[in-house]
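Read off the chains here:
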Amino acid sequence: MNSKLASLSLLAFCVVAALALWFSATAVVPSLIAEFGLKPSQVSMLTGAVQVGFVVGTLASAVLGLADRTDPRAFFMASALVATIANTGILFVDPTSWEIIVFRFITGACMAGVYPVGMKMMASWANTGARKKNGKNADMGFLIGVLTGAVTLGSGAPHLFNALGGVDWRITIALGSVFSLASALLINLFRMGPRHPKTPPFDFHMAFKGFTVPSLRYANFGYLGHMWELYAMWVWLGVFLDASFRISMAADDAAFWARSATFVVIGVAGGIGCVTAGLLADRFGRTTITIAALAVSGTCALVTGLFFGGNPYVLFAICFVWGFAIVADSGQFSASIVELSPPDRIGTVL
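Here the structure is a predicted model, which is why all the values come from computation and not from measurement. (Residues numbered from 1 in each chain as written. Predicted model: local features only at pLDDT ≥ 70, side-chain atom pairs only at ≥ 80, totals over all residues. Heavy atoms only, no water.)

A. Molecular detail of a nonpolar patch on the surface. A surface patch of nonpolar side chains, about 440 Å² in accessible area, is lined by V52, V56, V82, V102, F105 and I106. Elements with a minimum of two residues in the nonpolar patch: α2 (40-64) and α5 (98-110). Take the nonpolar patch: its biggest share by element is three residues, from α5. Along the polypeptide, V56 turns up in helix α2. (Patch = residues over 30% accessible without salt bridge, like charges linked within 9 Å, V, L, I, M, F, W, Y side chains within 5 Å. Areas by Shrake-Rupley, 256 points an atom, 1.4 Å probe, with all protein chains shown as cover. Salt bridge = Lys/Arg side-chain N within 4 Å of Asp/Glu carboxyl O. Helix = DSSP H or I, 4+ residues; strand = E, 2+ residues; numbered from the N terminus.)

Given below as structure tokens:
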């Protein structure tokens, strides 16, 4: 694929398709609890193994410089293929066994070769054919925002599945593997943009650039604070809305509308927020838009609880604004990392 639009559209699809393996865990846990009686500790390990795997995978990739010293497409493909095998293995083991925890850990580790690498691949096309401002092209924020928005939409999808009655967990796992396999194959059609640098030599110290360089350190710690709020909200929103809606409507209606509202707040509002923030950040500056997004989301975090049990429409409206703002800054932290990093070490620092 030679055109910028075609390449980036393909990349966005491949990233979301591969990350479907991450999102699928959220969708199948209720079914596994009902069918196999998973204990709370098993549920925590099942979902947490992916997160731990991702952290281990990204740290290993950074220390070894894999994201910069290998062909990003080959790294992406290999990661997606291994993740597909690990995910498919879930269908052949007892969901209450340790094997499934190991499979989820491997899946999470492989995502380190998908999401950060995908952002690097997206960045290789930044500032090409974009609107010029002050003599410089400016579309980095928009491109990273689009990718983050696609991932955000995928993150909210399990809530939509649950609102519609859920799906058989085996089908969910199988479909996740199919999409991941497709992404592994299709990513080879992606063409790296003109900003893709030459392969650098191995340098162990580059793994620590994100903390030794002041500007990168500020961006990383800012991102840490952002993620602390983001995942607290994403994890608890559905429970919070369900409990609130039950005060003013029947239990079945409350469950349906809470799940539907959670999908809209996380997936739809969040996706729109990512893209909008990217466009605004390219025009008015990343720091300005990031501070504004944090201020709005922080305010929503403070006031949302005051409307618990009140008018569902008012509560939903506030949560919609919260969902828009809470993830709007996410892509801009990543875009800042890209712009502040040495061009040949973007993958490692990300």
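Now that the structure is up, let's keep going.
B. Here's a closer look at the packing of helix α11 (residues 251-284) against helix α12 (residues 286-303). Two numbers describe how α11 lies on α12: the axes approach to 7 Å, and their chain directions differ by 135°. Viewed along their axes, α11 and α12 adopt a mutual orientation that is oblique. Residues A277, L280, A281, D282 and F284 of α11 form the contact with α12, whose own contacting residues are R286, T288 and I289. (Axes fitted to C-alpha atoms, helices over the stretch in contact; angles between N-to-C directions. Parallel < 35°, antiparallel > 145°, perpendicular 65-115°, else oblique. Contact = heavy atoms within 4.5 Å.)

C. Seen up close, the side chain of S180. Residue position: S180 is located in helix α8 (residues 169-186). Reaching out from S180, the side chain makes a polar contact with the backbone oxygen of A80 at a distance of 3.2 Å. If near-sequence neighbours (up to four positions away) are discounted, S180 is found in contact with A17, A18, L21, A80 and T84. (Polar contact = N/O pair within 3.5 Å; in protein donor to acceptor, adjacent residues only side chain to side chain.)

D. Representation of the side chain of S61 within the structure. Inspection of the secondary structure puts S61 in helix α2. The exposure class of S61 is buried, given its relative accessible area of 7%. Contact partners of S61, with chain neighbours within four places excluded, come to L66, A67 and F75. (Buried < 20%, exposed > 50% of the residue type's maximum accessible area, 1.4 Å probe, protein only.)

E. The pattern of salt bridges, seen in detail. Counted under the stated rule, the structure contains seven salt bridges. D139 is the salt-bridge partner of K4, the closest N and O atoms lying 2.6 Å from each other. Of this pair, K4 sits in helix α1 (residues 4-36) while D139 sits in the loop between β2 (136-137) and α7 (140-163); the two residues are 135 residues apart in sequence, bridging distant segments of the chain. Classification of D139 as buried rests on a relative accessible area of 8%.

F. Up close: the nonpolar core. Within the largest apolar cluster, 39 residues are counted, with the highest numbers of intra-cluster contacts made by V15, L19, F76, M111, M121 and F190. Every element with two or more residues in this core is listed here: α1, α2, α4 (72-89), α6 (115-123), α7 and α14 (330-340). F245, C274, L315 and C319 belong to the second-largest nonpolar core, a separate cluster that totals 18 residues. (Core = buried A, V, L, I, M, F, W, Y, C linked by side-chain atoms within 4.5 Å.)

G. Seen up close, the confidence of the model for the protein chain. Taken as a whole, the protein chain shows an average pLDDT of 87; of its residues, 92% reach a score of 70 or greater. β2 is the least confidently modelled element of the protein chain, averaging 44 in pLDDT, while helix α13 (residues 312-326) averages 97, the highest of any element. (pLDDT = per-residue confidence, 0-100.)

H. The arrangement of α11 in detail. Over its 34 residues, α11 runs 46 Å from end to end, which matches the ideal 50 Å to within 8%, given 1.5 Å per residue. Along α11, the sharpest kink reaches roughly 30°, centred on G270. Of the residues trailing α11, G285 is marked for its positive phi of about 110°. (Expected span 1.5 Å × (residues − 1). Bend = angle between axes of the 7 residues up to and from the residue.)

I. Quick peek at the environment of F208. Of note, F208 is situated in the loop between α8 and α9 (209-212). By relative accessible area, which is 40% here, F208 ends up partly exposed. When the C-alpha atoms of F208 and A62 are compared, they prove to be 8.5 Å apart, with 146 residues separating the residues in sequence.

J. Looking closely at the packing of aromatic side chains. Taken as a whole and judged by the stated rule, the model has eight aromatic pairs. Ring centres of Y223 and F333 lie 5.9 Å apart, and the angle between their planes is 75°; on these two criteria the pair is classed as edge-to-face. Here F333 lies in helix α14 and Y223 lies in helix α10 (residues 214-245), a separation of 110 residues in the sequence. You can call Y223 partly exposed: its relative accessible area is 24%. With 5.5 Å between their ring centres and 45° between their planes, F240 and F308 make a pair best called tilted. Of the two residues, F240 sits in helix α10 while F308 sits in the loop between α12 and α13, which places them 68 residues apart along the sequence. Looking at F240, the relative accessible area reads 23%, which means it is partly exposed. Positioned above the aromatic ring of Y218 is the side chain of R217, whose terminal nitrogen or guanidinium carbon lies 5.9 Å from the ring centre. (Phe/Tyr/Trp six-rings, centres within 6.5 Å; stacked < 30°, edge-to-face > 60°. Lys NZ or Arg CZ within 6 Å of the ring centre and 35° of its normal.)

K. Fine view of the environment of A255. Residue position: A255 is located in helix α11. The buried category is assigned to A255, whose relative accessible area is 13%. Put simply, A255 and V265 are 10 residues apart on the chain and 15 Å apart in space, counted from C-alpha to C-alpha. Setting aside its immediate chain neighbours within four residues, A255 contacts D242 and R246.

L. Quick look at the packing of α4 against α8. Following both chains from N to C, one finds α4 and α8 inclined at 165°, their axes separated by 8 Å at the closest point. If you check the angle between α4 and α8, you find them roughly antiparallel. In the packing of α4 onto α8, the handedness of the crossing is left-handed. Residues F76, M77, A80, L81, T84, N87 and T88 of α4 form the contact with α8, whose own contacting residues are I173, G176, S177, S180, L181, S183 and A184. Its residues assigned to classes, the contact of α4 with α8 comprises seven nonpolar, seven polar and no charged. (Left-handed = near helix turned anticlockwise from the far one by under 90°. Nonpolar A, V, L, I, M, F, W, Y, C, P; charged D, E, K, R; others polar.)

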